[in-house]
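# Results of the structural survey
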Amino acid sequence: MFDFFKSKPKNYEDISVGEFHDLMLQKDTVILDVRTPGEFSSGKLRGARNIDIMSRNFVDQIKNLPKDKTYLVYCRSGNRSGQACEIMADMGFTNCKNMARGIMSWPFEVV
């Protein structure tokens, strides 16, 4: 019998802002901001690349990224970035980390 209410296991990791901050300093790490361009221009993490999850070509932009990197993904609250990690994992990315509570809870520098 199928349990329709049982969620499938996550194939990405939710991490704290502290862990996210520490990982940003490692090589082979890509910081992805999946908010809208407007949100991105109002303040972002240093070195972040903006790929809007709501844009029509989100999947096309993601599929061109190298799969051997660690992706640190964030949005405003952690919701859209979790969805982005899920999409990326389904596309074969094996090392995606979601900033669990989003940039709203980020205590460090924003540029």
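The text that follows walks through the structure, step by step, so that each part is easy to find. None of the values given here were measured: they were computed from a predicted structure.

Reading guide: rules and limits
- Residues numbered from 1 in each chain as written.
- Predicted model: local features only at pLDDT ≥ 70, side-chain atom pairs only at ≥ 80, totals over all residues.
- Heavy atoms only, no water.
- Helix = DSSP H or I, 4+ residues; strand = E, 2+ residues; numbered from the N terminus.
- Polar contact = N/O pair within 3.5 Å; in protein donor to acceptor, adjacent residues only side chain to side chain.
- Salt bridge = Lys/Arg side-chain N within 4 Å of Asp/Glu carboxyl O.
- Buried < 20%, exposed > 50% of the residue type's maximum accessible area, 1.4 Å probe, protein only.
- Pairing = 2+ DSSP bridges.
- Contact = heavy atoms within 4.5 Å.
- Axes fitted to C-alpha atoms, helices over the stretch in contact; angles between N-to-C directions.
- Expected span 1.5 Å × (residues − 1).
- Core = buried A, V, L, I, M, F, W, Y, C linked by side-chain atoms within 4.5 Å.

## Concerning the environment of tyrosine 74
- Mapped onto the elements of the fold, tyrosine 74 is located in strand S4 (residues 70-74).
- For the pair tyrosine 74 and phenylalanine 20, spaced 54 residues apart in the sequence, the C-alpha separation amounts to 9.4 Å.
- At a separation of 2.7 Å, a polar atom in the side chain of tyrosine 74 contacts the side chain of aspartate 33.

## Here's the deal with the environment of serine 105
- In this structure, serine 105 sits in the segment after strand S5 (96-99).
- C-alpha separation for the pair serine 105 and valine 17, spaced 88 residues apart in sequence, amounts to 7.3 Å.
- A distance of 3.5 Å separates the side chain of serine 105 from the backbone oxygen of arginine 101, its partner in a polar contact.

## Let's talk about the pattern of salt bridges
- All chains considered together, the criterion is met by eight salt bridges.
- One salt bridge connects lysine 97 with glutamate 13, and the closest N-O pair in it is separated by 2.7 Å. Of this pair, lysine 97 sits in strand S5 while glutamate 13 sits in strand S1 (residues 13-15); the two residues are 84 residues apart in sequence, bridging distant segments of the chain.
- Take glutamate 13: its relative accessible area is 34%, and that puts it in the partly exposed class.
- Note that lysine 27 and aspartate 28 form a salt bridge whose closest N and O atoms lie 3.5 Å from each other.

## Points about the sheet that holds S1
- Strand order in the open sheet formed by five strands is S1-S5-S4-S2-S3, with parallel pairing between adjacent strands. Here the strands that pair on one side only, and so sit at the sheet edges, are S1 and strand S3 (49-50).
- When S4 meets S5, the two strands line up parallel, connected through three bridges. Counterpart to tyrosine 71 in the pairing with S5 is cysteine 96.
- Taken strand by strand, helix H4 (residues 79-90) contacts strand S2 (29-33), S4 and S5, and its axis lies near 170° from that of S5.

## Thoughts on H4
- Helix length check: H4 (twelve residues) gives 17 Å between terminal C-alpha atoms against 16 Å at 1.5 Å per residue, within 8%.
- Taken residue by residue, H4 has Arg80, Ser81, Gly82, Ala84, Cys85, Glu86, Met88 and Ala89 as its buried positions.
- Elements that come into contact with the buried residues of H4 comprise S2, helix H2 (37-41), helix H3 (58-63), S4 and S5.
- One or two steps after H4, the chain reaches glycine 92, where phi turns positive at roughly 105°.

## A word on the nonpolar core
- Core analysis: the largest hydrophobic core is formed by 17 residues, its most contacted members being Leu32, Ile62, Tyr71, Val73 and Met88.
- Among the elements of the structure, S2, H3, S4 and H4 are those that each provide at least two residues to this core.
- Of all the elements, H4 adds the most residues to this core, at three residues.
- By size, the runner-up hydrophobic cluster in this structure holds 14 residues, among which are Leu45, Ala48, Leu72 and Ile103.

Remember, this is a structural readout, not a statement about activity or role.
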